[in-house]
Each structure stands twice: as structure tokens, then as C-alpha cells.
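# Structure assessment
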Amino acid sequence: MQDLGKKSARISRALLITVTLCFMTLFVSTVVLIGISRTAVRTDEWIARTLEVQDALDSLLMNVTDAEAGQRGYLITRDEQFLATVAAADESLQAQLLRLRSLVADYPLQQQRIEKLAPLLAERLAAIHQTLELAQHNQPQDMNQIVSGRGAQMTQEIRDSIAAMNDSEAGRLIDRRREAAVIREQFIATISGLVIVAGVFAAFALLSVRAYLRGLEESRQRVVAHQAELEARVAERTAELTRTTELAQRERSRAETLLTDVNHRVGNNLALVSSFLTMQQRAVTNPEAVKALSAARARVQAVASSHRKLRLGADFATVKANEVLGAVLDDIGAGLPPDGRIHIDYDLLPLEIHARDAVSLGVLTSELVMNAIKHGFTGGEAGDVRVIFGVTADGPPFLEVSDDGVGYDSNNNENIEPHDPLLAPARGGGLGARIIDMLARQFGGETHRAPLREGARPGTCVRVELARLELMQQP
């Protein structure tokens with residue numbers, strides 16, 4: 001194995017040197033090709049600009065020719081349509097001169113020629129306009145003198161100047177095409193050299209790879225023997241791990257079953273206690289005792305409902321808050337009068353909370369809802385109670401219970417303080433209000449009470465911030 005390792009190391013070094021040389025060659029070639037490409041691009045731009053200059057010169061000469069043709073047409077036919085041709089040529093002359101100046105900005109000789117040509121063009125067009133004015137005023141003698149005299153001479157000078165500029169551009173075009181041919185030859189030579197170098201490196205790399213593959217085959221044969229031994233060991237360990245996993249799974253299932261049964265039994269026992277309290281409530285005649293037993297029965301029932309819904313998660317420590325609170329609210333709704341005058345509606349997020357907080361949260365919800373039913377609809381009125389459990393975007397979880405009952409001022413008297421113990425726990429309210437405040441403090445919050453709306457039945461809204469309620473996982 002050591003000999004194979006040394007041989008593989010030598011072959012690896014050879015491959016590394018080959019790859020390094022290939023990358024260096026590629027880098028140098030890339031730099032050379034980029035330089036040649038930039039030179040070729042500049043040459044192509046020069047050729048394109050030369051062709052544009054020639055095209056601009058041809059257009060300029062064509063403008064002068066059109067203006068003279070319009071002059072001759074008008075002098076012969078007196079048709080005013082030819083005047084439009086002269087006007088069009090005069091209008092486009094300045095734009096063409098500006099374009100020509102920008103194209104030869106890097107060629108001083110052509111710039112000098114353009115500066116000499118511009119006043120000559122202006123003078124020629126002025127002569128054409130003067131001729132047309134003389135023709136319109138019937139002065140043939142002066143008109144013929146301009147046409148046959150200075151006009152023909154200026155036209156010839158313009159043609160000679162444009163021809164000289166065209167010859168210069170043609171010479172530059174020939175030179176630039178020669179440069180382009182040289183660049184193409186350099187490019188071909190560079191590519192050919194790269195192909196030769198790449199072939200040499202490829203041959204060397206192929207020989208190195210073949211040697212490396214032979215070494216790999218020898219190593220593979222030895223590895224196969226070790227692999228068979230390792231597979232036997234892994235199979236033995238896998239069988240042992242499978243047995244251990246199955247045993248752990250059985251123990252886990254057993255623990256889950258026992259824990260679920262315990263919670264269910266606790267819930268049933270508490271429900272039995274609730275039934276005893278109901279029987280005791282029916283047996284007494286004292287209104288205060290009946291009221292106290294009813295409140296105690298409701299609290300025991302809330303704890304029982306919470307326990308029956310304690311379906312713990314995979315970690316045996318978390319529950320879904322909506323399942324626990326939903327069971328509590330459903331039990332409260334089942335105990336309401338059958339006439340359906342009071343309806344409980346709820347919106348509960350499926351937040352995962354710690355099991356130790358589930359029962360306390362269920363009792364807090366039950367107390368708030370029962371107080372809303374008891375004190376919000378004192379005269380047998382119909383109405384709705386709404387429960388919301390959720391979490392704000394940047395704040396703690398919260399529990400909110402609201403009703404559309406009589407609210408703050410049930411007697412339409414602004415001087416009467418709120419009759420609902422939910423609205424005034426600080427004045428020493430009933431047991432329910434004290435339980436609510438105690439549980440609110442347990443969860444690190446306070447009860448915030450306010451009217452739900454304005455009107456004859458303003459209702460009541462109680463909100464408890466649950467800062468210390470530990471959320472195990474948000475949806």
C-alpha cells in the first residue's frame with residue numbers, strides 16, 4: 001500500500017505540473033488573443049468610420065447636385081416644385097457638415113479641408129438662391145452671368161475638394177485593410193501555436209492519466225478486499241442497532257400510551273369531581289352556596305377539559321394550544337342554555353406550548369369566558385362571546401376575550417362604576433377576577449380591559465399579554 005501511495009503521489013505531481021502548465025498557457029494565450037481582438041476591433045472601427053466619411057462626402061456632393069438640379073429645373077420650367085428641392089438641400093447641408101466634422105475629428109488634414117469647403121458650399125447655395133431671385137424678377141442677363149460664370153467655377157471647386165477628401169479616405173481605407181490582414185495572420189499564427197502546445201500537453205497528460213489509472217486499478221483490488229471485511233462488520237453493527245431501535249421504539253410507545261392514559265384518567269377523575277359538585281349544587285338551597293359551587297364546578301371542568309386534550313408531542317413536553325383551549329370552550333358551550341341566545345366563537349392559532357402551561361392557560365380562558373357570559377348578559381340578553389389566541393408580529397402571545405353585552409354602563413348612568421369584576425379587579429373583585437389577575441401575572445402580563453365599541457351595548461374586551469408563555473414552535 002505504501003508503494004502504491006508513492007507511485008500515485010508521483011503521478012499526481014506530474015498531472016499537477018501538466019495542469020499548471022496548461023493553465024499558464026491558457027492565460028498567456030488569452031491575454032494575447034484579447035490584445036489581438038482589441039486591435040482588430042479598433043481596425044474594424046477605423047474601416048467603418050472611413051466608409052462613413054466617404055458616404056457623408058457622397059451625400060454632401062449629392063446635396064449640391066440636387067440644389068443645382070432644382071435651380072436648372074426652375075429656370076427651364078418655372079415650376080415652383082423645384083424650389084422645394086433647393087430648400088431641402090439647403091436645410092440638410094449644415095447637418096451633413098456637422099456629421100462630417102465629427103467623423104474626421106482625429107484627422108487634422110481633413111478638418112482643414114472641411115473648413116475650406118464649408119464657406120464655398122455656403123457661397124454656392126447663396127449664388128443659387130440669387131439666381132432664383134433674378135429669375136423670379138425677370139432679369140435673365142444677370143442670371144445667366146451668375147450661372148455661366150462664378151456658379152460653374154464654384155461647383156468645380158466643390159467637386160475637386162470633395163474628390164481630394166475621398167482620395168485621402170480611400171488611402172486610409174487601404175492602409176487599414178492591410179492592418180486588418182496583418183492582424184488576421186497574427187491571429188491564425190497564434191491559434192496554430194496554441195493548438196500545437198495543447199497537443200503536446202494533451203499527450204503528456206494522457207500518458208500520466210494512463211499510469212494513474214493503472215495505479216488506481218491496483219488500489220481498487222486491494223480496497224475490495226478491505227471493503228468486504230468492513231461490510232461484514234457493518235452488517236453486524238446494523239443488526240445490533242436495529243434490535244436496539246426496535247426496543248427503544250417499543251418502550252417509547254409504551255410510555256406514550258401510559259402518559260395518555262394518565263392524562264385521560266386525570267381528566268375523567270376531575271370530571272367525576274365536577275359531577276359531584278353539580279350534585280351538591282342541586283342539593284343546597286342557599287343562593288350564595290349554589291353560586292360558589294357552580295363556579296367551583298366550572299373551574300374543575302376547565303381543568304378536566306385541559307387534561308383530556310393533553311396530547312403530548314414527540315418530545316413528551318409540548319401540546320397544541322388550540323386543542324386544549326378548543327376543548328375548554330366546547331365544554332363551556334355545551335353547558336350554555338339550549339335556547340342558543342349566547343354563542344361562543346373562537347380563533348385559536350395552533351401554537352406549540354409547554355405542557356406545564358396548558359392547564360393554567362385553559363383555566364385563564366375559562367375564567368374570562370365565564371365572566372363575560374355571567375356579567376355581560378345580566379338581563380337574559382342574547383349575544384356573542386369571541387375568544388382569540390395568537391401572537392403578534394413583534395410581540396408576545398396574547399389571549400383576548402370580548403363580548404357585545406352591557407359592558408361598562410348597564411344602567412345608562414355615567415357615574416356608576418363598572419359592574420363587571422373583569423373591569424375592576426383593583427377594587428377587590430370576586431374570586432374569578434383574582435384568579436384572572438393571578439394567572440396573568442404568572443404569565444408575565446396584565447389584564448387590559450376596555451369597552452368593545454360605543455353605543456347602547458358597548459360590550460367588554462379583555463386582553464392578556466402572555467409574555468412568559470414559552471412557545472416551543474410557531475406555525
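Residues numbered from 1 in each chain as written. Predicted model: local features only at pLDDT ≥ 70, side-chain atom pairs only at ≥ 80, totals over all residues. Heavy atoms only, no water.

## Observations regarding the overall build of the protein
Formally: Numbered from the N terminus, helices here are DSSP runs of H or I no shorter than four residues, and strands are runs of E no shorter than two. Think of it in three bands: residues with accessible area under 20% of the maximum for their type are buried, residues over 50% are exposed, and the middle band is partly exposed, with areas taken using a 1.4 Å probe on protein chains only. The contact rule is simple, with two residues in contact once any of their heavy atoms fall within 4.5 Å. We get accessible surface area from the Shrake-Rupley algorithm with a probe of 1.4 Å; when it comes to residues, only the shown protein chains can shield them.
Helices and strands together make up the secondary structure of the protein, namely eight helices and eight strands. Every one of the 475 residues in the protein was classed for burial, and the buried ones make up 35%. Considering only contacts within the protein whose residues lie at least 6 apart along the sequence, 73% involve residues at least 24 apart. Approximately 27,800 Å² of the protein is accessible, and the part contributed by carbon and sulfur atoms is 57%.

## A word on the pairing of strand β7 (residues 460-465)
Looking along a regular strand, one sees side chains alternate from face to face of the sheet. Our working rule: Two strands pair if DSSP finds at least two bridges between them.
By the bridge criterion, six bridges tie strand β5 (residues 397-403) to β7 in an arrangement that is antiparallel. By the bridge assignment, S402 is partnered in β7 with C461. Both strand β6 (residues 447-450) and β7 contribute to a ladder of four bridges, which runs antiparallel. By the bridge assignment, R449 is partnered in β7 with V462.

## So, the confidence of the model for the protein
Heads up, the condition is: Per-residue confidence from the predictor is given as pLDDT, running between 0 and 100.
Per-residue confidence for the protein gives a mean pLDDT of 75, with 76% of residues at or over 70. Overall, residues 409-428 carries pLDDT values under 50, and its contacts beyond four positions in sequence, including any with other chains, amount to 35 contacts.

## Observations concerning the nonpolar core
Inclusion rule: As used in this record, nonpolar core signifies buried Ala, Val, Leu, Ile, Met, Phe, Trp, Tyr and Cys residues forming a set joined through side-chain atoms within 4.5 Å.
Of all hydrophobic cores here, the largest spans 38 residues; its most connected members are L364, V369, V385, F389 and L466. Considering every element that reaches this core, the biggest residue donor is helix α7 (residues 355-376), with 10 residues. Ignoring any residue separated from it by four or fewer positions in sequence, one finds L466 in contact with L361, L364, F389, P396, P397, F398, L399 and F443. Membership of the second largest hydrophobic core comes to 30 residues, among which are L60, V64, V86 and Y107.

## Topic: the packing of aromatic side chains
For clarity, the cut-off: Geometry of aromatic contacts follows a simple scheme: Phe, Tyr and Trp rings, the Trp one being its six-membered ring, pair when their centres are within 6.5 Å, and the pair is stacked under 30 degrees between planes, edge-to-face over 60, tilted otherwise. Two thresholds decide whether a charge sits over a ring: the Lys NZ or Arg CZ must be within 6 Å of the ring centre and within 35 degrees of the ring normal.
Across all of its chains, the model carries zero aromatic pairs by this definition. The residue whose ring lies beneath R463 is F398, and the NZ or CZ to ring-centre distance is 3.9 Å.

## Points about the sheet that holds β5
The cut-off we apply is this: Note on geometry: axes are C-alpha line fits, over the in-contact stretch for helices, and angles between N-to-C directions span 0 to 180 degrees.
Spatially, the five strands line up as an open sheet ordered β2-β4-β5-β7-β6, and their pairing is mixed. Both outer strands of the open sheet, β2 (342-348) and β6, are each paired with one neighbouring strand and no more. Each neighbouring strand pair of the sheet contributes to a mean axis angle of 10°, computed without reference to strand direction. Where strand β4 (residues 383-391) meets β5, seven bridges bridge the pair, whose relative direction is antiparallel. Bridge pairing in β5 places V385 opposite D403. In the packing of α7 onto the sheet, contacts are made with β2, β4, β5 and β7, and the angle to β5 comes to roughly 20°.

## Considering helix α3 (residues 108-136)
Selection criterion: Expected helix span is taken as 1.5 Å per residue step, with the number of steps being one fewer than the number of residues.
Between its terminal C-alpha atoms α3 stretches 43 Å, which fits the 42 Å expected from 29 residues at 1.5 Å a residue. Downstream of α3 by a residue or two, N138 has a phi angle that is positive, lying close to 55°.

## Focus on the environment of N166
With respect to the secondary-structure elements, N166 resides in helix α4 (residues 140-283). Placed 56 residues apart in sequence, N166 and Q110 show a C-alpha to C-alpha distance of 9.8 Å. Beyond its immediate sequence surroundings of up to four residues, N166 is in contact with Q54, L57 and D58.

## Structural notes on the pattern of salt bridges
Operational definition: Definition used for salt bridges: Asp or Glu carboxyl oxygen within 4 Å of a side-chain nitrogen of Lys or Arg.
Overall, the coordinates contain nine salt bridges when judged by the stated rule. Put simply, R463 and E400 hold a salt bridge, and the shortest N to O gap is 3.0 Å. With R463 in strand β7 and E400 in strand β5, the pair connects residues that are 63 residues apart, well separated along the chain. Using a relative accessible area of 16% as the deciding quantity, one classes E400 as buried.

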